[in-house]
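Take a look at the letters that make up each chain.
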Amino acid sequence: QTALENARLYVESRHASEELQRIFNSFGRAMASSLDLDKTLLVIADLAAGIVGTDAATLVLLDQQDGVSAVEAASGTRQAELRWLHQKAGESLLSSVVRSRAPVQVPDIANDPHLSELGAELAGRLGSYLGVPLLLRGRVVGLLAVARAESLRFPPGQVELLSSFASQAAIA
């Protein structure tokens with residue numbers, strides 16, 4: 001029994017490692033092939049959605065003078081809903097990530113007390129949200145956020161993976 005479990009865990013670990021290698025190779029190729037900021041941001045958003053298997057991803061860069069969002073790229077089938085959520089609740093979601101300098105997770109948007117009526121408007125379209133900071137030399141320079149249609153807590157491994165990816169994206 002233990003040997004089978006160990007073999008299963010080994011195979012899962014190997015698949016995860018191969019997937020991560022594929023993602024970072026794609027990221028490296030995309031960064032090397034384009035100096036176009038908009039295209040680069042879109043590639044990062046696409047890869048972020050793929051990394052954690054979400055319905056939408058958005059990347060927001062902050063204006064370093066006043067801290068408001070300056071540039072945004074979005075990807076996925078639910079990108080309109082995620083952009084709408086950032087526009088309507090952007091101050092609270094963005095500032096939560098910037099202030100905490102850590103991932104912010106909303107596992108059930110429809111029933112989150114901080115989002116009140118916004119959550120109800122998104123019911124059935126966006127269920128869960130995860131935002132991670134883009135940190136560069138100790139400063140928050142932006143936000144990478146993903147969302148799912150289902151109301152689920154993102155597992156710690158996915159939060160860590162997206163955070164690691166965001167660290168690489170901040171450098172780009």
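Read on for a plain summary of the structure. (Residues numbered from 1 in each chain as written. Predicted model: local features only at pLDDT ≥ 70, side-chain atom pairs only at ≥ 80, totals over all residues. Heavy atoms only, no water.)

## A short note on the pattern of salt bridges
Right, so step 1: All told, the structure shown has 1 salt bridge when counted by the stated rule.
Right, so step 2: A salt bridge links arginine 78 to glutamate 81, with the shortest nitrogen-to-oxygen separation between them at 3.7 Å.
Right, so step 3: By relative accessible area, which is 24% here, arginine 78 ends up partly exposed. (Salt bridge = Lys/Arg side-chain N within 4 Å of Asp/Glu carboxyl O. Buried < 20%, exposed > 50% of the residue type's maximum accessible area, 1.4 Å probe, protein only.)

## Examining the pairing of strand β1 (residues 56–62)
Right, so step 1: The element β1 is extensively covered by neighbouring structure, given that 6 of its 7 residues are classed as buried.
Right, so step 2: Here β1 pairs with strand β5 (residues 139–148) via 6 bridges, running antiparallel. The residue bridging alanine 57 from the neighbouring strand is valine 146, located in β5. (Helix = DSSP H or I, 4+ residues; strand = E, 2+ residues; numbered from the N terminus. Pairing = 2+ DSSP bridges.)

## Quick look at unusual backbone geometry
Right, so step 1: Positive phi, close to 55 degrees, is recorded for arginine 101, a residue that is not glycine.
Right, so step 2: As for its placement among the helices and strands, arginine 101 is situated in the loop between α3 (79–100) and β3 (104–106).
Right, so step 3: Although it is not a glycine, arginine 137 adopts a positive phi angle of roughly 50 degrees.
Right, so step 4: Within the element layout of this structure, arginine 137 appears in the loop between β4 (128–136) and β5.
Right, so step 5: For arginine 137, a relative accessible area of 75% puts it in the exposed group.

## A word on helix α5 (residues 156–171)
Two residues of an α-helix separated by three or four positions point the same way, owing to the 3.6 residues in each turn.
Right, so step 1: Look at α5: 23 Å from first C-alpha to last across 16 residues, which is about the 22 Å you get at 1.5 Å a residue.
Right, so step 2: For α5, the complete set of buried residues consists of Gln158, Val159, Leu162, Phe165, Ala166, Ala169 and Ala170. Along the axis of α5, the buried residues cluster in a sector spanning 140 degrees; they form a single face. Exposed residues lying more than 90 degrees from the buried face of α5 are Pro156, Glu160 and Ile171. (Expected span 1.5 Å × (residues − 1). Arc of directions from axis to C-beta.)

## Side note on the pairing of β5
Right, so step 1: Among the 10 residues that make up β5, 9 are buried, leaving the element largely enclosed by the rest of the structure.
Right, so step 2: As paired strands, β4 and β5 are joined by 9 bridges and run antiparallel to one another. Within β5, the residue paired with glycine 131 across the bridge is alanine 145.

## Some remarks on helix α2 (residues 37–52)
Right, so step 1: With 16 residues, α2 extends 23 Å between its outermost C-alpha atoms, agreeing within 8% with the 22 Å of an ideal straight helix rising 1.5 Å per residue.
Right, so step 2: For α2, the set of buried residues is Thr40, Leu41, Ile44, Ala45, Leu47, Ala48, Ala49, Ile51 and Val52.

## Looking at the nonpolar core
Right, so step 1: If you look at the biggest cluster of nonpolar residues, it comprises 24 residues, and the most contacted ones within it are Ala48, Leu130, Leu134, Leu144, Val146, Leu162 and Phe165.
Right, so step 2: Mapped onto this core, the elements with two or more residues apiece are α2, β1, β4, β5 and α5.
Right, so step 3: When residues of this core are assigned to their parent elements, the largest contribution, 8 residues, is made by α2.
Right, so step 4: Leave out the neighbours within four places in its chain, and leucine 162 touches Ala48, Val52, Leu130, Val132, Leu144 and Val146.
Right, so step 5: One finds Leu82, Leu85, Leu93 and Val140 within the second-largest nonpolar core, a separate group that totals 20 residues. (Core = buried A, V, L, I, M, F, W, Y, C linked by side-chain atoms within 4.5 Å. Contact = heavy atoms within 4.5 Å.)

## Focus on the side chain of glutamate 81
Right, so step 1: Relative to the helices and strands, glutamate 81 is located in helix α3.
Right, so step 2: Residues contacting glutamate 81, with those up to four places away along its chain left out, are Leu122, Arg125 and Leu126.

## Remarks on the packing of α2 against α5
Right, so step 1: Contact pair α2 / α5: the axes reach a minimum separation of 10 Å and the direction vectors enclose 160 degrees. Considering their axes alone, α2 and α5 lie roughly antiparallel with respect to each other. Note on packing geometry: the crossing formed by α2 with α5 is right-handed. Between α2 and α5, the contacting residues are Ile44, Leu47, Ala48, Ile51 and Val52 on the first element and Gln158, Leu161, Leu162, Phe165 and Ala169 on the second.
Right, so step 2: Grouping the amino acids of the contact of α2 with α5 by side-chain chemistry returns 9 nonpolar, 1 polar and no charged. (Axes fitted to C-alpha atoms, helices over the stretch in contact; angles between N-to-C directions. Parallel < 35°, antiparallel > 145°, perpendicular 65-115°, else oblique. Left-handed = near helix turned anticlockwise from the far one by under 90°. Nonpolar A, V, L, I, M, F, W, Y, C, P; charged D, E, K, R; others polar.)

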